[in-house]
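Breakdown of the fold
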Amino acid sequence: MLGYMFTPHPNLSDEVNGNIIRSEIEGGVSLGDLPPSTVLEIQTQHHRYTAVFLGESQALISGHPEFCPEPVLVAIAGSTWGGSMLKLRYIGRGMHLEFCHPEYRTPIVTSRIQEVRERIHLTFEDSTSTNDNPAEPTPPESTVAPSMLKRGTFTKPS
């Protein structure tokens, strides 16, 4: 047998078991696997969010013109498939991010997540600059972090 295989739970509906399997295939990140100060870029169907993970479920999130045009301290609940079932403290591709905003009574639910990436800041020593001025570091870029791939937190995009 290769790797981890999800076994459907007999007490859950086919739809719920299917969603769980789909989240394993699509990939994502468990907040419990992230060190504080990790910066995530979350691309949904409509917006690109930046979330600075602070620990536990807290993050500074920005990227929505109405709810968080500037960084706002929120509690990330997790991700849903569009219904009431929530995968706690998880940000998953193909799912909807749900977070609690201090100025709204009900949680904010995003459009479907298309990609989750850790923002990597390159320093002068790390960069292979193609700039005309080699003394300037290359700008920050985002990528799926190799350290996260090893831990199985992120999966490579298809």
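A brief report on the enclosed structure follows. Since the structure is predicted, the reported quantities are computational estimates derived from the model, not experimental observations. (Residues numbered from 1 in each chain as written. Predicted model: local features only at pLDDT ≥ 70, side-chain atom pairs only at ≥ 80, totals over all residues. Heavy atoms only, no water.)

**Looking at the overall build of the protein**
- Per the secondary structure count, the protein includes two helices and ten strands.
- Each helix and strand of the protein, ordered N terminal to C terminal, gives the series α-β-β-β-β-β-β-β-β-β-β-α.
- Counting the 158 residues in the protein, one finds 38% classified as buried.
- A fraction of 40% describes how many contacts in the protein between residues 6 or more apart in sequence connect residues 24 or more apart.
- A total of about 9,600 Å² of accessible surface is found on the protein, and carbon and sulfur atoms cover 54% of it. (Helix = DSSP H or I, 4+ residues; strand = E, 2+ residues; numbered from the N terminus. Buried < 20%, exposed > 50% of the residue type's maximum accessible area, 1.4 Å probe, protein only. Contact = heavy atoms within 4.5 Å. Areas by Shrake-Rupley, 256 points an atom, 1.4 Å probe, with all protein chains shown as cover.)

**A look at unusual backbone geometry**
- Residues other than glycine seldom take positive phi values, yet Glu-56 does so here, at roughly 55°.
- Inspection of the secondary structure puts Glu-56 in the loop between strand S3 (48–55) and strand S4 (58–62).
- Judged by relative accessible area, Glu-56 falls into the exposed class, the value being 63%.
- Despite not being glycine, Arg-89 has its phi angle at roughly 50°, a positive value.
- By the element assignment, Arg-89 lies in the loop between strand S6 (86–88) and strand S7 (90–92).

**A closer look at the environment of Ile-42**
- Tracing the chain through its elements places Ile-42 in strand S2 (residues 39–44).
- On the basis of relative accessibility, which here comes to 0%, the residue Ile-42 falls in the buried class.
- Between the C-alpha atom of Ile-42 and that of Val-116, which follows or precedes it by 74 residues, the distance is 4.7 Å.
- Beyond its immediate chain neighbours, meaning those up to four positions away, Ile-42 contacts His-47, Arg-48, Tyr-49, Ala-51, Ile-91, Leu-97, Ile-113 and Glu-115.

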